[in-house]
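# Structural overview
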Amino acid sequence: MAVAAAFLSSSLLPTTPGSHLTPFTLRSRLRLFTRRAVVVNAAAATLREVCSGRVPDHVLQRAEEIGYVVPTEMQEQSLPLLLSGQDCILHAQTGSGKTLAYLLSIFSTIDFSRSSVQALVVVPTRELGMQVTKVARLLAAKACTVMALLDGGTLKRQKSWVKAEPPAIIVATVASLCQMVERRAFSLQSMRVLVIDEVDFIFGSSKQVSSLRKILTSYSAASSRQTIFASASIPQHNRFLHDCVQHKWTKGDVVHVHVHPVQPMPSHLCHKYVAARHISSQPIQCI
Ligand SMILES: Nc1ncnc2c1ncn2[C@@H]1O[C@H](COP(=O)(O)OP(=O)(O)OP(=O)(O)O)[C@@H](O)[C@H]1O
């Protein structure tokens, strides 16, 4: 079994001289950390350089207009693999930029002139689906259709739309997707990229897991598509890698891209406590 595991570890916030975060004060570092810090390495190649020749120019231009100029570390590590068509497990903390990484991979693969479902992003919740759809639409800028099939949506109306003109990219919650496929609203035979976002959440949900297994093995074959899993946490990731190959959810050479192993706190901080007697009702000022 050829399971390649790329464990790419690094510290949470870069402190190298090339990093744009170096001059930040401790307080701003803390604020960045608690706000799902996006860490980009100013010394790294630009997103355009990393994606050069693989992602269409109009998509890269849109990405730059939105503000995606320098890749995050997760993107820098994963994009060469993703853009070469490799099946990947993107395992990196929340806010590391996994969504943009897999969307760029989708845009590098789809044929913009074809009217068929070529990429599918499966999400566990409507809210996440709305976020992903928004970014995908911004990047596509009407060069292709991105349809959201999310729980609580008007599936009846969408069924006729999807039949009349199949979108290139579908972002869907598990239940809505299965409902549409089972009603034969569209087929996944021409799907080239399958992304399962927050995979640990979906596998942990007894309601969603059997439908997810169908999506992975019954509606299309791993050999004819690129399969990407994304998650901030994958408990027992070695077991998961084994299952991916064993159950044919991915090809045998799936790569585990593990960036920024989750740290309970930034390494440059330390916890201290002071024991104080209750002598005053005045609040203690912490500096
Ligand atoms: N290269 C980049 N440059 C600047 N901002 C970026 C870049 N990549 C992503 N971002 C921004 O960083 C934020 C977090 O990114 P994103 O939501 O893709 O992370 P994620 O790893 O998918 O998180 P989650 O685990 O919550 O899905 C978003 O606001 C996104 O627009």
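My aim in this report is to walk through the structure given alongside it, one point at a time. Bear in mind that the values here come from a model prediction, so they are computed numbers and not experimental data. (Residues numbered from 1 in each chain as written. Predicted model: local features only at pLDDT ≥ 70, side-chain atom pairs only at ≥ 80, totals over all residues. Heavy atoms only, no water.)

### Quick word on the environment of Val174
Filter applied, for reference: Secondary structure elements follow DSSP: runs of H or I no shorter than four residues count as helices, runs of E no shorter than two count as strands, and numbering proceeds from the N terminus. Each residue gets one of three labels from its accessible area relative to the maximum for its type: buried under 20%, exposed over 50%, partly exposed in between, using a 1.4 Å probe on protein chains only. In what follows, residue pairs with any heavy atoms lying within 4.5 Å of each other are defined as contacts.
Tracing the chain through its elements places Val174 in helix α8 (residues 174-182). Given the relative accessible area of 2%, Val174 is considered buried. Taking the C-alpha atoms as reference points, Val174 and Gly67, separated by 107 residues in sequence, lie 31 Å from one another. When neighbours within four sequence positions are excluded, Val174 is seen to be in contact with Val122, Val123, Ile202, Gln208, Ser211, Leu212 and Ile215.

### Describing the site of the ligand
Our working rule: When at least one non-hydrogen atom of a residue lies within 4 Å of a molecule or strand, that residue is treated as near it. Whenever two N or O atoms come within 3.5 Å, that pair is a polar contact, provided that in protein one can donate a hydrogen and the other can accept it, and provided that, for residues adjacent in sequence, both atoms are side-chain atoms. Note on areas: these come from Shrake-Rupley sampling with a 1.4 Å probe, and a residue is covered only by the protein chains present in the view. In this classification, Asp, Glu, Lys and Arg are treated as charged, Ala, Val, Leu, Ile, Met, Phe, Trp, Tyr, Cys and Pro as nonpolar, and every other residue, Gly included, as polar.
Around the ligand there are 17 residues in total, and Tyr68, Val70, Gln75, Lys98 and Thr99 lie nearest to it. Here an oxygen atom of the ligand and a side-chain polar atom of Tyr68 are 2.8 Å apart. Take Val70: an N or O atom from its main chain is 2.9 Å from a nitrogen atom of the ligand. Look at the ligand: alone it shows 640 Å² of surface, and the protein chains cover 78% of it. For the shell around the ligand, the element with the highest residue contribution is helix α5 (residues 98-109), accounting for three residues. Taken together, the residues that form the shell around the ligand break down as five nonpolar, nine polar and three charged.

### Here's the deal with the pairing of strand β4 (residues 146-149)
Defined as follows: Any two strands between which DSSP finds at least two bridges are classified as paired.
By the alternation rule, side chains of β4 split into Val146 and Ala148 and Met147 and Leu149, which are all buried. Summarising the sheet, β4 and strand β5 (residues 169-173) pair through four bridges and their orientation is parallel. Bridge assignment links Leu149 to a residue of β5, and that residue is Ala172.

### Looking at the packing of aromatic side chains
Worth spelling out the cut-off: Only rings of Phe, Tyr and Trp enter the pairing, Trp through its six-membered ring, and a pair is recorded when the two centres are within 6.5 Å. The plane angle decides the type: under 30 degrees is stacked, over 60 is edge-to-face, the rest tilted.
Evaluated as defined, the whole model comprises five aromatic pairs. Ring geometry for Phe203 versus Trp249: centroids 5.1 Å apart, planes at 35°, classification tilted. Of this pair, Phe203 sits in helix α9 (residues 199-203) while Trp249 sits in the loop between α11 (237-246) and β8 (255-259), and the two are 46 residues apart along the sequence. By relative accessible area, which is 3% here, Trp249 ends up buried. Residues Phe240 and Trp249 carry aromatic rings whose centres are separated by 6.2 Å and whose planes lie at 40° to one another, so their mutual orientation is tilted.

### Considering the packing of α8 against helix α10 (residues 209-217)
This is how the line gets drawn: Only the stretch in contact is used when fitting a helix axis, every axis being a line fitted to C-alpha atoms; angles between N-to-C directions are given from 0 to 180 degrees. Should an angle fall under 35 degrees it is taken as roughly parallel, and over 145 as roughly antiparallel, whereas 65 to 115 is taken as roughly perpendicular and any remaining angle as oblique. Left-handed describes a crossing whose near helix is turned anticlockwise from the far helix through less than a right angle; right-handed describes the clockwise counterpart.
The N-to-C vectors of α8 and α10 enclose an angle of 55°; their axes lie 10 Å apart at closest approach. One element, α8, and the other, α10, form an angle in the oblique class. The handedness of the crossing between α8 and α10 comes out as left-handed. Side by side, α8 and α10 meet where Val174, Leu177, Cys178 and Glu182 of the first sit next to Ser211, Leu212, Lys214 and Ile215 of the second. For the contact of α8 with α10, the class distribution of residues is five nonpolar, one polar and two charged.

### Describing the side chain of His91
Along the polypeptide, His91 turns up in strand β2 (residues 88-92). Setting aside its immediate chain neighbours within four residues, His91 contacts Met74, Ser231, Ala232, Ser233, Ile234, His237, His256, Val257, His258 and Val259.

### Quick look at the nonpolar core
Note the cut-off: Side-chain atoms within 4.5 Å link the members of a nonpolar core, which is a set of buried Ala, Val, Leu, Ile, Met, Phe, Trp, Tyr and Cys residues.
Judged by nonpolar contacts, the single largest core of 45 residues is most densely connected at Leu90, Tyr102, Leu103, Ile106, Phe107 and Ile169. For this core, the element with the highest residue contribution is α5, accounting for seven residues. Filtering out sequence-adjacent residues up to four positions away, Tyr102 remains in contact with Leu82, Leu90, Val121, Val132, Val195, Asp197, Ile228 and Ala230. If you look at the next biggest cluster of nonpolar residues, it comprises 34 residues, including Met147, Cys178, Val199 and Cys244.

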